[in-house]
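Observations on the model geometry
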Amino acid sequence: MKNMLKKRNWAIILMLAATISLTAQDYDILVKGGHVIDTKNNLDQIMDVAIKDGKIAKVDSKIPENQAKTVIDAKGFIVAPGLLDIHGHNFFGTEEDAYLSNSFSALPPDGFTFRSGVTTIVDVGGAGWKNFKTFKAQTIDNSKTRVLSFLNIIGSGMKGGAIEQNIEDMNPKLTAYVASQNKGTIVGVKLAHYSGFDWEPVNRVVAAGTMADIPVMIDFGGSEPELSLETLLMEKLRPGDIFTHAYAHVKGRTPVVDESGKVRKYVFDAQKRGIIFDVGHGGGSFVFEQAIPAIKQGFLPNSISTDLHTGSMNGGMKDILNIMSKFINMGMPVKQVIETATWNPAQYIKRTDLGHLTVGAVADLTILNLRKGNFGFIDTQGKKMMGDQKLECELTLREGDVVWDLNGISRPMWNAK
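Here goes a summary of the coordinates provided. (Residues numbered from 1 in each chain as written. Predicted model: local features only at pLDDT ≥ 70, side-chain atom pairs only at ≥ 80, totals over all residues. Heavy atoms only, no water.)

1. Some details on the sheet that holds strand 13 (residues 276-277)
Spatially, 6-8-9-10-11-12-13 is the arrangement adopted by the 7 strands of the open sheet, whose pairing is parallel. Each edge of the open sheet is held by one strand with a lone partner, namely strand 6 (83-88) and strand 13. In this sheet, strand 12 (residues 242-243) lies alongside strand 11 (residues 216-219) in parallel orientation, the contact comprising 2 bridges. Along strand 12, the bridge assignment pairs Met217 with Ile242. Docked against the sheet, helix 4 (residues 200-212) engages strand 10 (186-192) and strand 11, running at close to 175° with respect to strand 10. (Pairing = 2+ DSSP bridges. Helix = DSSP H or I, 4+ residues; strand = E, 2+ residues; numbered from the N terminus. Contact = heavy atoms within 4.5 Å. Axes fitted to C-alpha atoms, helices over the stretch in contact; angles between N-to-C directions.)

2. What to know about the nonpolar core
Core analysis: the biggest nonpolar cluster contains 79 residues, and Leu232, Leu233, Tyr247, Phe277, Met324 and Phe327 have the highest contact counts within it. Ranked by residues supplied to this core, first place goes to helix 8 (residues 320-329) with 6 residues. What Met324 contacts, discounting residues up to four positions off in sequence, is Leu83, Ile304, Val337, Ile338, Ala341 and Leu391. With 18 residues, the next largest nonpolar core counts Ile56, Ala363, Leu365 and Leu395 among its residues. (Core = buried A, V, L, I, M, F, W, Y, C linked by side-chain atoms within 4.5 Å. Buried < 20%, exposed > 50% of the residue type's maximum accessible area, 1.4 Å probe, protein only.)

3. Thoughts on the packing of aromatic side chains
In total, this model carries 11 aromatic pairs according to the counting rule given. Seen from their ring centres, Phe268 and Phe299 are 6.0 Å apart, and the 85° between their planes marks the pair as edge-to-face. A residue pair is termed long-range when its members are at least 10 positions apart, and Phe268 in helix 6 (residues 265-272) and Phe299 in the loop between helix 7 (288-296) and helix 8 qualify at 31 residues. The class of Phe268 is partly exposed, set by a relative accessible area of 24%. On the basis of relative accessibility, which here comes to 0%, the residue Phe299 falls in the buried class. Taken together, the ring pairs connect Phe243, Tyr247, Phe268, Phe277, Phe286, Phe288, Phe299 and Phe327 into an aromatic cluster. (Phe/Tyr/Trp six-rings, centres within 6.5 Å; stacked < 30°, edge-to-face > 60°.)

4. With respect to helix 7
Every buried residue of helix 7 is accounted for by Phe288, Gln290, Ala291, Ala294 and Ile295. One side of helix 7 carries all its buried residues, which in axial view fall inside an arc of 160°. Residues of helix 7 that are buried sit in contact with helix 8, strand 14 (365-378) and strand 15 (384-398). A positive phi of about 90° marks Gly298, the residue just after helix 7. (Arc of directions from axis to C-beta.)

5. Side note on the pairing of strand 14
Working note: regular strand, side chains alternate between the two faces of the sheet. The pairing of strand 5 (residues 78-81) with strand 14 spans 4 bridges and is classified as antiparallel. Bridged to Val79 within strand 14 is Ile367. Sheet topology note: the strand 14/strand 15 ladder contains 12 bridges and is antiparallel. Bridge assignment links Phe377 to a residue of strand 15, and that residue is Met385. Following strand 14, the chain reverses through 5 residues before pairing antiparallel with strand 15; Gly382 in that reversal takes a positive phi of roughly 80°.

6. Describing the pattern of salt bridges
For the coordinates displayed, the defined rule picks out 15 salt bridges. As a salt-bridge pair, Asp48 and Lys32 come within 2.7 Å of each other at their nearest N and O atoms. Residue Asp48 is found in strand 2 (residues 43-52), and its partner Lys32 is found in strand 1 (residues 27-38); the two are separated by 16 residues along the sequence. Lys32 shares its class with Asp48; the two are buried. Residues Lys159 and Glu95 are paired through a salt bridge, measuring 3.2 Å at the closest nitrogen-oxygen approach. Of the two residues, Lys159 sits in the loop between strand 9 (146-152) and helix 3 (172-181) while Glu95 sits in strand 7 (residues 92-95), which places them 64 residues apart along the sequence. For Lys159, a relative accessible area of 14% translates into the label buried. (Salt bridge = Lys/Arg side-chain N within 4 Å of Asp/Glu carboxyl O.)

7. Observations regarding the side chain of His356
If you trace the backbone, His356 turns up in the loop between helix 10 (343-348) and strand 14. The class of His356 is buried, set by a relative accessible area of 7%. Polar contacts involving the side chain of His356 include one to the main-chain carbonyl oxygen of Thr352, which spans 2.8 Å. Engagement of the side chain of His356 in a polar contact is seen with the side chain of Thr358, the distance being 2.8 Å. (Polar contact = N/O pair within 3.5 Å; in protein donor to acceptor, adjacent residues only side chain to side chain.)

Written as structure tokens, this is what we have:
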């Protein structure tokens, strides 16, 4: 009888222990021992990050492993908020001769985002007010990546050629109306590829942005004679508006670095007054002859972005981490580079729920490996720069789910019991 009671008591104890063990697993995922870089929360140190129900549950120096169902060893890696690419082209489709609006040249995001640590991408100008509904149904609603939009001031979107020269189709009121009906998803207004010697398109895009209380992004240039870059930056754009392709040297646009290799004074002045300078690398809009002297003189980008499309993905651009690596090798601190692809752009597009690892925030997170070695980087003129550091994405979480895992750091071994 005593033996039976002992066995029963032991069974109860084991059952209670098992119950306590299960209830002790407070978290779904624990990212352990990584170097957390989170600008909003002023974190730049070794920390653990716990995730529960798709949200950041705890960030602390030591969180016990037995409190999580899955533990990811991030020792030696950088742990950052999911990257936010503020300049992409993702209104993909099958419409012929439509450039980047429901077209073959734009890209479905999921195949190009998670593998480089991006959890949010902004399509800039693919859709206008006339076809945003199609873009939303086709891309935004069917992507695991969070896809946002800068609405084109052209009602029919970024279809290229003569369509983008039609000032009559630049309707600020209707653009602002559709933007206001889709707050948080439409986060800005875009003007691109206008080549006339006329300020009216800039005036109209700024008017739309003012009405909807959102920033505008300008892809400037192309006119002959050139419109004044100083006038654009110091008079036409508002603080918080975005000048993309900051390190380009293209026909019809004054470059930020002059013929003597100096950054123009008004460029520094414009940045001080709140104009946002975005990289927007793309297939033809980033050259080392502009970027290297600019960085040396302290003219740093506010945001790093890809200008992702079929014409840039396999060239010098490659992906956002390749661009970020360029800036690291040009002398920009790693912490600041990560800031330009996380918290900075989140603020510029007024989505301050993103770009950080605050407790309660969505668990969009990336684990990055800053590799050491001998690497080559290419600009859009086909010129090469060498470097000894390169970022690589080990793992990406989107709302607490593993959506990219390069080396299986979140997975058990095949023969584990």
